[in-house]
Amino acid sequence: MQAPFEEDRTWQSTMALLSGEADTQQPPAVSSRVRPTRGAGNFSKCAIRILERNGQTSATIAWSDATSCCYGEQLWRRCIARKTGVCALSGQAIARGDAVYRPRRVRPAPRNVEAMILATVMEATPVKEI
């Protein structure tokens, strides 16, 4: 049985926000220990499709992650990895200095800005028809 409006915390919070009576403090900062780390576990459940190769230095990717973002057509550029990581497409380790593809930097930054795909994996994967 559902609680009456007077006892429902969600309803009370909503009404307090609408009336301006709510405490408007910022939520406490999340510790870096609590934040999800980027890596194999974070990108392993993404649906990634290569839609088009735009020459030898870029590709258009469809990226879908139910927990963070969905990009129907996202431009990725070939570059050199500045840090170690995990290939979002294959799960292989990426070493600093490896040739990789990364999302193009735009404003606002995409949610998957830290993702990388090894260039060898990207170039060996066939383009998927929509």
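Structural data are supplied above this passage.
Residues numbered from 1 in each chain as written. Predicted model: local features only at pLDDT ≥ 70, side-chain atom pairs only at ≥ 80, totals over all residues. Heavy atoms only, no water.

Caption draft 1: Broad picture of the overall build of the protein. Assigned secondary structure in the protein consists of 3 helices and 7 strands. The secondary structure elements of the protein, listed N-terminal to C-terminal, are α-α-β-β-β-β-β-β-β-α. Buried residues in the protein amount to 26% of all 130 residues. Accessible surface computed for the protein: about 9,500 Å², of which carbon and sulfur atoms make up 52%. (Helix = DSSP H or I, 4+ residues; strand = E, 2+ residues; numbered from the N terminus. Buried < 20%, exposed > 50% of the residue type's maximum accessible area, 1.4 Å probe, protein only. Areas by Shrake-Rupley, 256 points an atom, 1.4 Å probe, with all protein chains shown as cover.)

Caption draft 2: Expanded view of the pairing of strand 2 (residues 58–65). Counting buried residues in strand 2 gives 7 out of 8 residues, a clear majority hidden from the surface. Pairing analysis gives 6 bridges linking strand 1 (residues 47–53) to strand 2, with the strands arranged antiparallel. The partner of Arg53 across the bridge, within strand 2, is Ala59. Once strand 1 ends, the chain turns through 4 residues before running back antiparallel as strand 2, passing Gly55 with a positive phi of about 80°. Both strand 2 and strand 3 (residues 69–80) contribute to a ladder of 7 bridges, which runs antiparallel. By the bridge assignment for strand 3, Ser58 is matched with Arg77. (Pairing = 2+ DSSP bridges.)

Caption draft 3: Quick look at the pairing of strand 6 (residues 99–103). Taken across its 5 residues, strand 6 has 4 buried, putting it largely inside the fold. As judged from the 2 bridges shared by strand 6 and strand 7 (residues 117–118), these two strands associate in the antiparallel manner. Bridge pairing in strand 7 places Tyr101 opposite Ile117.

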